[in-house]
Amino acid sequence: MKLGIVGLPNVGKSTLFNAITKAGAESANYPFCTIEPNVGVVAVPDERLKKLAELYNSQKVTPAVIEFVDIAGIVKGASKGEGLGNKFLSHIREVDAIVHVVRCFEDQKIIHVSNVVNPIDDIDVINTELQLADLETIEKRYEKASKLARGGSATKEQKDEVRLLELCKEHLEKGLPIRTLQIDEEEKKIVQGFFLLTDKPVIYCANIGEDEISKPDNKFVQMVKERASQENAEVITLCAKIEEEITNLSDEEKQMFYEDLGIVESGLDALVKASYKLLGLISYLTAGEKETRAWTIVNGTKAPQAAGKIHTDFEKGFIKAEVANYQDILSCGGYVKAKEQGKVRMEGKDYVMKDGDVVLFRFNV
């Protein structure tokens, strides 16, 4: 999973990136300090792995990972090449979802690109640039597709493409992102092939000030939540500055710090949960003496396809899956005892995987 962190200059993008990846991307009080996109790969926090590894005495623990891309600040006119626009719009095309950092705090010491803090205006600037870029993509594609669809030998697929391009154009011209377009599942698959920026899922990250941790739901955050509800987007609230400041603390020190501030979970935990929910992802687990590992799959994936995540041979030669619930493994004190107590099930090709399944795949190639 690859997430692109975007936002106007000086909203806290690079600070957030530093906090969640500990990669130390340059962060400065001026636009475009991020000239090349910074990339960091982070482990997905998952307490289940640690507990299973202890139970199995695993030599190695391998968590699922998320790749974060810190994309330089987008400004008004980016779709026409203003600032460093075109280059960074192309980077957004490569990510699975967008983390849109929005400034939700006032601080006279930190310059705002528009000289006024208004999260809705900030959101609109970036959304407009993405919509304009999408309109350009659609117009180019429509010119070619409409010629093919006018021919006497035009297929249903070609005609459907033209119709959907027209729908997308009309939707964008209303100032709406493609992800809010009401179409059926088959039509969504066709639209996904247009590779539109506003079709990507979005998590709005409301970045609040250090003095607002105890009361994070300020008026700016409320504005962001209202907008997100209209766009089928997720929202998380955090203070990127505090998240960055505690990155070098031990896990125990972090926990104490969060408890003192009344923070329920870290910014990374909140972001990971929102990402999985937004993209419809779950994790299943494999465990043994050599390795305990988490595997990320789309919710609804069947056992053979889940096995294919480990190796294509597992999917090709799939016979069955021995499946137990993570909690049952723990409460029984291990896989063998769980099997003795009837907690391990034999599942076939039609089994739909569930989050927290501990699986042993049987296959033959």
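Residues numbered from 1 in each chain as written. Predicted model: local features only at pLDDT ≥ 70, side-chain atom pairs only at ≥ 80, totals over all residues. Heavy atoms only, no water.

Help me understand the pattern of salt bridges in this model?
On inspection of all chains with the given rule, the structure shows 23 salt bridges. The salt bridge partner of Asp355 is Arg48, with a shortest N-O separation of 3.2 Å. Linking Asp355 in the loop between β11 (345-347) and β12 (357-363) with Arg48 in helix α2 (residues 47-56), this pair joins segments that are 307 residues apart in sequence. Owing to a relative accessible area of 17%, Arg48 belongs among the buried residues under this scheme. Note that Asp160 and Arg163 form a salt bridge whose closest N and O atoms lie 3.7 Å from each other. Here Arg163 and Asp160 lie together in helix α5 (residues 156-173), a separation of 3 residues that amounts to about one turn. The buried category is assigned to Asp160, whose relative accessible area is 15%. For Arg163, a relative accessible area of 33% translates into the label partly exposed. (Salt bridge = Lys/Arg side-chain N within 4 Å of Asp/Glu carboxyl O. Helix = DSSP H or I, 4+ residues; strand = E, 2+ residues; numbered from the N terminus. Buried < 20%, exposed > 50% of the residue type's maximum accessible area, 1.4 Å probe, protein only.)

Which parts of the structure should I look at to understand the pairing of strand β4 (residues 65-70)?
Side-chain direction in a regular strand flips from residue to residue, so the side chains alternate between the two faces of the sheet. As paired elements, strand β1 (residues 2-6) and β4 share 4 bridges and run parallel to each other. Bridge pairing in β4 places Lys2 opposite Glu67. Bridge count between strand β2 (residues 38-43) and β4: 6 bridges; the pairing is antiparallel. Looking at the pairing, Val41 lines up with Glu67 of β4. (Pairing = 2+ DSSP bridges.)

What's the story with the sheet that holds β4 in this structure? I'm lost.
Where strands meet in a sheet, backbone hydrogen bonds hold them as pairs that are either parallel or antiparallel. The 6 strands are arranged β2-β4-β1-β5-β6-β7 in an open sheet whose pairing can be described as mixed. The sheet is open, and its two edges are formed by β2 and β7 (234-238), each paired on a single side. This sheet shows a mean twist of 25° between the axes of neighbouring strands, independent of strand direction. Its contacts with the sheet place helix α4 (residues 119-150) against β5 (97-103) and β6 (202-207), and it is angled at close to 145° to β5. (Axes fitted to C-alpha atoms, helices over the stretch in contact; angles between N-to-C directions. Contact = heavy atoms within 4.5 Å.)

Looking at this model, I keep getting lost on the packing of aromatic side chains. Mind explaining?
One pass over the full model with this rule turns up 4 aromatic pairs. Ring plane angle 90° and centroid distance 5.8 Å describe the contact between Tyr284 and Phe361, whose orientation is recorded as edge-to-face. Of this pair, Tyr284 sits in strand β8 (residues 281-286) while Phe361 is found in strand β12, placing the two residues 77 residues apart along the sequence. Note on Tyr284: relative accessible area 0%, which makes it buried. Residue Phe361 is classed as buried on the basis of its relative accessible area of 8%. Taken together, the ring pairs connect Tyr284, Trp295, Phe318 and Phe361 into an aromatic cluster. Of note, Arg103 hangs over the ring of Phe105, and the distance from its end group to the ring centre comes to 4.6 Å. The ring of Trp295 has Arg293 sitting right over it, with the charged end atom 4.1 Å from the ring centre. (Phe/Tyr/Trp six-rings, centres within 6.5 Å; stacked < 30°, edge-to-face > 60°. Lys NZ or Arg CZ within 6 Å of the ring centre and 35° of its normal.)

What should I look at first to understand helix α1 (residues 13-21) in this one?
Turn by turn, an α-helix covers 3.6 residues, leaving residues three or four places apart pointing in a common direction. Summarising burial for α1: 9 of the 9 residues are buried, a large majority. Those residues of α1 lying buried are Lys13, Ser14, Thr15, Leu16, Phe17, Asn18, Ala19, Ile20 and Thr21. In the segment just after α1, Lys22 is the residue with positive phi, at about 55°.

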